[in-house]
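Structure assessment
As a plain string of letters, each chain reads:
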Amino acid sequence: MAKTIFIENNVFEHFRTKKILNIIKARNIIRINHYGEIFNRNKQNFRIQKDSLNYIIAAKKNNLVIPIPPSTTSVKGFYFSHMYNCIYDCDYCFLQGHFNSAYHVYFINYEDFGKAISNESMKTKTKIWFFSGYDCDSLASEKITGFAEYFVPFFSKLQNCMLEIRTKSSRTTELLKIKPNSNVVCAFSLNPQNLIDLFEKGTPNLSSRIQSIKLLSENGWKIGLRFDPLILTEASKEDYLELFELAVNCIPKSNIHSVSLGSLRLSESHHKKMVKNDMQNRLLLDNRYSYKEKLWQPDHKIRDVETQLSEHLKKLIPQSSIFLSE
Ligand code: SF4
């Protein structure tokens, strides 16, 4: 049972608040004016909060959709966050350095997000991407949030917009009740099992993620494969080659929408804060990474192996489907 659920006054009676309260039981319910009063307080300890979670239910008022800097992607797109933080606890997760608090924040004003997305879609005729898994795992908390239940049908009505649901979850119960559509890609983050064991605490194992990929694909969902972040200090090139073969061949190629690879990298400020919060995190202290251009990033030897991996991937899947994260 959670200790406390903080609820903004303006959503106290909202039907999604009531739904969440039916699922998450708490000893205390406290009304607040704005989620930032609790979430943005200084001197909170992310690691301690992660082990003793509280929750916040709120409405997001500003920056409902945020443009992705053009330098970080080859597609025009926006982030949007219906949730802050995550039920999992990956050692490399930048949220530890991004937020003051580990409490889960649920933003339940989906209709306002919808208006902001529609506004952006009307400004252009070209295709725009919306990425939902920036500040959370998009699918892991679906039972509580009903995020996909609302937004998958919503995106089916927008001709020039695509939604990426990024996840490490193997949860399919809710998605299988929703009609898939060609504007939505369910993108699975994958790593070799030895890395999942070491650095992705609480996440489903590789075989259950693969099972979910197969099941969703059989049911008409477009699938994205995200090998991101590559952690080549602890896994070998062969571990990744094996993973590529497994993932790329587990469903018909025609059902794979896209594949991407990304380095393990963090902004310098996030990395510094994460190390301060968790001095036991050996991944973040690896000396094959260093600060360069305000990023904590791998040395050239690791980058060389990453390049070799991307070359190998091109032999397995059409190059047009492969994206490299900067
Ligand atoms: S699944 Fe994603 S959001 Fe969740 S802890 Fe891991 S890296 Fe962070």
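Please read all numbers here as calculations on a predicted model, not as lab measurements.

A look at the overall build of the protein
- Of the regular secondary structure elements, the protein holds twelve helices and 18 strands.
- The globule rule puts the C-alpha radius of gyration for 326 residues at 20 Å, and the 20 Å found for the protein is close to it.
- Along the first, second and third principal axes, the C-alpha atoms of the protein reach 55 × 45 × 35 Å.
- Burial status across the protein gives 35% buried among its 326 residues.
- Within the protein, residue pairs in contact and separated by at least 24 positions form 79% of the contacts whose partners lie at least 6 positions apart.

Looking at the sheet that holds strand 16 (residues 289-292)
- Overall, antiparallel pairing links the three strands, which are arranged 15-17-16 in an open sheet. Edge strands, defined here as strands with exactly one partner in the open sheet, are strand 15 (266-267) and strand 16.
- Across two bridges, strand 15 lies against strand 17 (residues 295-298) in antiparallel orientation. Across the sheet, Leu-266 pairs through a bridge with Trp-296, a residue of strand 17.

What to know about the site of the ligand
- As a structural note, the neighbourhood of the ligand is formed by Cys-86, Tyr-88, Asp-89, Cys-90, Cys-93, Leu-95, Cys-136, Asp-137 and Lys-168.
- Of the residues belonging to the shell around the ligand, the class tally is six nonpolar, no polar and three charged.

Points about the nonpolar core
- One finds Ile-56, Ile-57, Val-105, Cys-186 and Leu-225 to be the most contacted residues of the largest nonpolar core, which totals 68 residues.
- Each residue touching Leu-225, except ones within four places of it in the same chain, is listed here: Phe-188, Leu-190, Ala-247, Val-248, Ile-256 and Val-259.

Here's the deal with the environment of Ser-254
- With respect to the helices, strands and loops of the structure, Ser-254 is situated in the loop between helix 10 (237-248) and strand 14 (256-263).
- Assessed through the 8 C-beta atoms surrounding it within 10 Å, Ser-254 is described here as exposed.
- A sequence separation of 32 residues divides Ser-254 from Lys-222, and the C-alpha atoms of the two residues are 9.0 Å apart.

With respect to the environment of Arg-31
- Note that Arg-31 resides in strand 2 (residues 26-32).
- A residue is classified by how many C-beta atoms lie within 10 Å of it, and Arg-31, with 9 of them, is exposed.
- The spatial distance from the C-alpha of Arg-31 to the C-alpha of Phe-131 is 31 Å, given a sequence separation of 100 residues.
- Once you skip the residues sitting within four places of it in the chain, Arg-31 turns out to touch Ile-7, Asn-9 and Phe-12.

Some remarks on unusual backbone geometry
- The omega angle of the peptide bond from Asp-228 to Pro-229 is 5 degrees, so this bond is cis rather than trans.
- Here Pro-229 shows up in strand 13 (residues 222-230).
- Its identity is not glycine, yet Asn-63 carries a phi of approximately 50 degrees, on the positive side.
- Topologically, Asn-63 is positioned in the loop between strand 3 (55-58) and strand 4 (66-67).

As for the sheet that holds strand 6 (residues 83-84)
- The strand order 2-1-3-8-6 describes an open sheet built from five strands, whose pairing is mixed. One side of each edge strand has no neighbouring strand; the edge strands of this open sheet are strand 2 and strand 6.

Concerning the pairing of strand 10 (residues 161-167)
- Buried residues dominate strand 10, accounting for six of its seven residues.
- Bridging between strand 9 (residues 128-131) and strand 10 involves four bridges; their strand directions are parallel. By the bridge assignment, Ile-128 is partnered in strand 10 with Cys-161.
- Of the strand pairs in this sheet, strand 10 and strand 11 (residues 184-189) are connected by five bridges, and their pairing is parallel. Looking across to strand 11, one finds that Glu-164 is bridged to Val-185.

Here's the deal with the packing of helix 10 against helix 12 (residues 300-316)
- Contact geometry for helix 10 and helix 12: axes closest at 11 Å, N-to-C directions at 25 degrees. Here helix 10 is positioned roughly parallel relative to helix 12, judged by the angle of their axes. In terms of crossing hand, the pair formed by helix 10 and helix 12 is right-handed. Listed contacts from helix 12 to Lys-237, Tyr-240, Leu-241, Phe-244 and Val-248 of helix 10 are Val-305, Gln-308, Leu-309, His-312, Leu-313 and Leu-316.
- Of the residues in the contact of helix 10 with helix 12, the class split is eight nonpolar, two polar and one charged.

Cut-offs applied
Residues numbered from 1 in each chain as written. Predicted model: local features only at pLDDT ≥ 70, side-chain atom pairs only at ≥ 80, totals over all residues. Helix = DSSP H or I, 4+ residues; strand = E, 2+ residues; numbered from the N terminus. Rg over C-alpha atoms; globule rule 2.2 N^0.38 Å. Buried ≥ 20, exposed ≤ 12 C-beta atoms within 10 Å, placed from the backbone. Contact = placed C-beta atoms within 7 Å. Pairing = 2+ DSSP bridges. Near = placed C-beta within 6 Å. Nonpolar A, V, L, I, M, F, W, Y, C, P; charged D, E, K, R; others polar. Core = buried A, V, L, I, M, F, W, Y, C linked by C-beta atoms within 7 Å. Axes fitted to C-alpha atoms, helices over the stretch in contact; angles between N-to-C directions. Parallel < 35°, antiparallel > 145°, perpendicular 65-115°, else oblique. Left-handed = near helix turned anticlockwise from the far one by under 90°.

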